[in-house]
Amino acid sequence: MSKLTEAQIEKQMKDIEGWDYGDDAIHTTIEFSDFKDCFTVMTRIAFEAEKLNHHPDWSNVYNKLSISLTSHEEGGLTEKDFQLAQIIDSIVS
């Protein structure tokens, strides 16, 4: 999968809400009611990421989940990053 151009990234950003673009990655932070809800969503995301063979850079502190997506092997964003972002959004909503 090839690295997206800035124009392609700008177009893709219109399809995801609550995500920011910077440092060759897209980022979001999601807050849940408690740790259990957060960890449950992380588990669901993990299964989807494994299916895509594309894994997030993420961290969790109590009820907050911070996620960054990039394609390290391509040195920036690819379609897979936006595909996983949309899957994450559908899991969270």
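As the structure is a prediction and not an experimental result, all values here were calculated from the model. (Residues numbered from 1 in each chain as written. Predicted model: local features only at pLDDT ≥ 70, side-chain atom pairs only at ≥ 80, totals over all residues. Heavy atoms only, no water.)

Trainee: I would appreciate a short explanation of helix H2 (residues 35–52) in the present structure.
Mentor: Owing to its 3.6 residues per turn, the α-helix brings residues three or four apart onto one side. The end-to-end C-alpha distance of H2, which contains 18 residues, comes to 26 Å, matching closely the 26 Å that a straight helix rising 1.5 Å per residue would cover. Where H2 is buried, its residues meet strand E3 (57–61), strand E4 (64–69) and helix H3 (79–92). Structurally, the start of H2 carries an N-cap: the backbone nitrogen of lysine 36 is 3.3 Å from a side-chain oxygen of aspartate 34. A positive phi of about 55 degrees marks asparagine 53, the residue just after H2. (Helix = DSSP H or I, 4+ residues; strand = E, 2+ residues; numbered from the N terminus. Expected span 1.5 Å × (residues − 1). Contact = heavy atoms within 4.5 Å. Polar contact = N/O pair within 3.5 Å; in protein donor to acceptor, adjacent residues only side chain to side chain.)

Trainee: Is there a simple way to think about unusual backbone geometry in this case?
Mentor: Note: most residues except glycine have negative phi, and most peptide bonds are trans. Of note in the backbone geometry, aspartate 24 takes a positive phi value of approximately 60 degrees without being a glycine. With respect to the helices, strands and loops of the structure, aspartate 24 is situated in the loop between strand E1 (20–22) and strand E2 (25–31). Although it is not a glycine, tyrosine 62 sits at a positive phi angle of roughly 50 degrees. Inspection of the secondary structure assignment puts tyrosine 62 in the loop between E3 and E4.

Bear in mind that shape data such as this cannot, by itself, settle questions of function.
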